[in-house]
Amino acid sequence: MSSKNILAGLLALILACTPVLAGSGGGGGGDGMGMNSGGGQRSGLSSRATKAVVTTLTRGFDRCGELPQVYKFDCFRHTYKLAAQKLDGNQAYAEAREALVLVEETLTRSVKQNLDPGQPVKRKGLNLYRPVKPAAVPQIKRQAESAMKQAETILLRSPANKQVHYARIAEAVNSNKVLLRSALLPGAMIRLAWQILKAAVPA
């Protein structure tokens, strides 16, 4: 078992032992998703292409975690959109792209259906993030987590020749899922969650 899996498991245990609190949480600042959204990867499986997706997912969720709670989900959506775009035109990653798009589309629907017209969009860097209604946060979180579980299943059922690369992407999705579960935790526990996962992912 890799060190990231061990730490993700530890984080899951911490979250399981902490009561989940409803309502909207506060958030800090942080910059936007300053990543290249284009694909541009060569065709075929490669460590470079896989790393680009994994890095987008892990760093993206890290940045999203710094936003106020009601803006996080549009940021998560944007993260999965960017990750899927890394694989545009590369048929070797067709199943992986399908899995990422599944999460993106789920979050797109959830955010669109629960937009909060009473709050402004939030600009971070070059991106604008839309707020959802605080009361809808638990439901959106469940829908996002379910989509991530489905994405993991798609990735882990990949053909044998793709398993090494797809397993790395599945691990990143699983780490995102663990962090998603912390979305309703008190601020101190959220900060602990970020620190543990960041320590497991090389910069």
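Refer to the preceding data block for the structure.
The rules behind these values
- Residues numbered from 1 in each chain as written.
- Predicted model: local features only at pLDDT ≥ 70, side-chain atom pairs only at ≥ 80, totals over all residues.
- Heavy atoms only, no water.
- Salt bridge = Lys/Arg side-chain N within 4 Å of Asp/Glu carboxyl O.
- Helix = DSSP H or I, 4+ residues; strand = E, 2+ residues; numbered from the N terminus.
- Buried < 20%, exposed > 50% of the residue type's maximum accessible area, 1.4 Å probe, protein only.
- Core = buried A, V, L, I, M, F, W, Y, C linked by side-chain atoms within 4.5 Å.
- Contact = heavy atoms within 4.5 Å.
- Phe/Tyr/Trp six-rings, centres within 6.5 Å; stacked < 30°, edge-to-face > 60°.
- Lys NZ or Arg CZ within 6 Å of the ring centre and 35° of its normal.
- Polar contact = N/O pair within 3.5 Å; in protein donor to acceptor, adjacent residues only side chain to side chain.
- Axes fitted to C-alpha atoms, helices over the stretch in contact; angles between N-to-C directions.
- Parallel < 35°, antiparallel > 145°, perpendicular 65-115°, else oblique.
- Left-handed = near helix turned anticlockwise from the far one by under 90°.
- Nonpolar A, V, L, I, M, F, W, Y, C, P; charged D, E, K, R; others polar.

Undergrad: Please give an account of the pattern of salt bridges that cites residues and values.
TA: The final tally for this structure, using the stated rule, is seven salt bridges. In this structure, D74 engages R77 in a salt bridge whose closest nitrogen and oxygen atoms are separated by 2.6 Å. Pair noted here: D74 and R77 are both in helix 3 (residues 69-85), with a separation of three residues, about one helical turn. With respect to class, D74 is no different from R77; both count as buried. By sharing partners, the salt bridges in this structure join D74, R77 and R130 into a single network.

Undergrad: Kindly report on the nonpolar core, identifying the contributing residues and their values.
TA: A general tendency of soluble globular proteins is for nonpolar side chains to be buried together. One finds L57, F73, Y80, Y93, L100, L155 and I169 to be the most contacted residues of the largest nonpolar core, which totals 42 residues. Listing elements by their share of this core, those giving two or more residues are helix 2 (47-64), helix 3, helix 4 (94-113), helix 5 (137-156) and helix 6 (163-181). Considering every element that reaches this core, the biggest residue donor is helix 3, with eight residues. The contacts of I169, once residues within four sequence positions are left out, are T50, V53, V54, L57, Y93, A96, L100 and L155.

Undergrad: Hey, could you go over the packing of aromatic side chains for me, with residue numbers and the actual values?
TA: Tallied over the full model, the rule gives four aromatic pairs. On the basis of an interplanar angle of 20° and a centroid distance of 6.1 Å, the ring pair of Y93 and Y166 is categorised as stacked. One end of the pair, Y93, is in the loop between helix 3 and helix 4; the other, Y166, is in helix 6, with 73 residues separating them in the sequence. Accessibility expressed as a relative area gives 0% for Y166, which makes it buried. Cluster of aromatic residues (ring-pair linked, three or more members): F61, F73, F76 and Y80. If you follow K122 out to its NZ or CZ, it ends over the ring of Y71, 5.9 Å from the centre.

Undergrad: Tell me about the side chain of T58, residues and numbers included.
TA: Mapped onto the fold, T58 is located in helix 2. Exposure remark for T58: the relative accessible area of 12% places this residue in the buried category. Separated by 2.9 Å, the side chain of T58 and the backbone oxygen of V54 make a polar contact. Polar side-chain contacts of T58 include one of 3.3 Å to the backbone oxygen of T55.

Undergrad: Describe the packing of helix 5 against helix 6, with residues and values.
TA: Put simply, helix 5 and helix 6 touch, their axes get as near as 9 Å, and they point 165° apart. With respect to helix 6, the axis of helix 5 lies roughly antiparallel. In this structure, helix 5 crosses over helix 6, and the sense of that crossing is left-handed. Side by side, helix 5 and helix 6 meet where K141, A144, E145, M148, K149, A151, E152, L155 and L156 of the first sit next to Y166, I169, A170, V173, N174, N176, K177, L180 and R181 of the second. When its residues are assigned to classes, the contact of helix 5 with helix 6 shows ten nonpolar, two polar and six charged.

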